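Coordinates in review
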Amino acid sequence: DRKQLFKKIITTRLGKLFQINLICFLFLLPLISWDLLTNIYKSSLNGLSELVHFSIYTKSPITILFTIIFFISLAGGIYYIRRLAWGEPVTLLKTFIQGVKQSYKQFLIFGFITSLFICLFDLAITMMNNTNLSGTYNIIFTALLCFALILFLSVISYCLTLSSLYVMKLSTILKMLQLKR
């Protein structure tokens, strides 16, 4: 039963879950730091053209790199948690590295796609905040962008879980996502 398995993992292996989440968070720290630094710098820029130029040529490439690095670490994290849930023996670094080696290609591709969407989302928000739209339109566009981003991230997390759990190739996952006619 899945409820019993969840309860067992939370009560007996909480320390191991904390450790793997900490490792994945360490791979996320550069992305968080970069985002904070760029937002501080963006506040000193004047004009929409400077903001767009900075977002496209400086912020986006490094954001893409850091997002891909984080996604590759998720390959090891998901693999570690899978083995932990199935009751297989796990050692923190060895299992993590084994998971990265096994699924890094799928996670690299999904990380790249996700980072592109995040950069486009950031650029759209930057442009909306610096145009003469009324408050209502700004709120509606922001809500629609957030909904689209959440929907996209949900599909990506589903695909990543499939690719890690069942060692599926990207082409197989994309075929599964296509709508049947």
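Computed from a predicted structure; not experimentally measured.

Criteria and cut-off values
Residues numbered from 1 in each chain as written. Predicted model: local features only at pLDDT ≥ 70, side-chain atom pairs only at ≥ 80, totals over all residues. Heavy atoms only, no water. Helix = DSSP H or I, 4+ residues; strand = E, 2+ residues; numbered from the N terminus. Buried < 20%, exposed > 50% of the residue type's maximum accessible area, 1.4 Å probe, protein only. Areas by Shrake-Rupley, 256 points an atom, 1.4 Å probe, with all protein chains shown as cover. Lys, Arg positive; Asp, Glu negative; His and termini not counted. Charge placed at Lys NZ, Arg CZ, Asp CG, Glu CD. Salt bridge = Lys/Arg side-chain N within 4 Å of Asp/Glu carboxyl O. pLDDT = per-residue confidence, 0-100.

1. Quick word on the overall build of the protein chain
When you go through the protein chain residue by residue, the secondary structure sums to 6 helices and 0 strands. Shown N-terminal to C-terminal, the secondary structure of the protein chain runs as helices and strands in the order α-α-α-α-α-α. By principal-axis analysis of the C-alpha atoms, the protein chain measures approximately 55 × 45 × 30 Å. When burial is assessed residue by residue, the protein chain has 34% of its 181 residues classed as buried. Counting every atom, the protein chain has about 11700 Å² of accessible surface; 70% of that belongs to carbon and sulfur. For the protein chain, the centre of its 17 positive side-chain charges and the centre of its 5 negative side-chain charges are spaced 16 Å apart.

2. Thoughts on the pattern of salt bridges
Per the stated rule, a full pass over the model turns up 4 salt bridges. Of the charged contacts in the structure, one is a salt bridge between Lys42 and Asp122, with a shortest N-O distance of 3.6 Å. On the criterion of sequence distance, the pair formed by Lys42 in helix H2 (residues 14-42) and Asp122 in helix H4 (residues 92-129) is long-range, its members being 80 residues apart. No difference in accessibility class separates Lys42 from Asp122, as the two residues are buried. The salt bridge partner of Arg83 is Glu88, with a shortest N-O separation of 3.2 Å.

3. So, the confidence of the model for the protein chain
Scored by pLDDT, the protein chain has a mean of 86; 97% of the residues are at 70 or more. The secondary-structure element of the protein chain with the lowest mean pLDDT is helix H6 (residues 170-177), recorded at 73, while H2 shows the highest, at 95.

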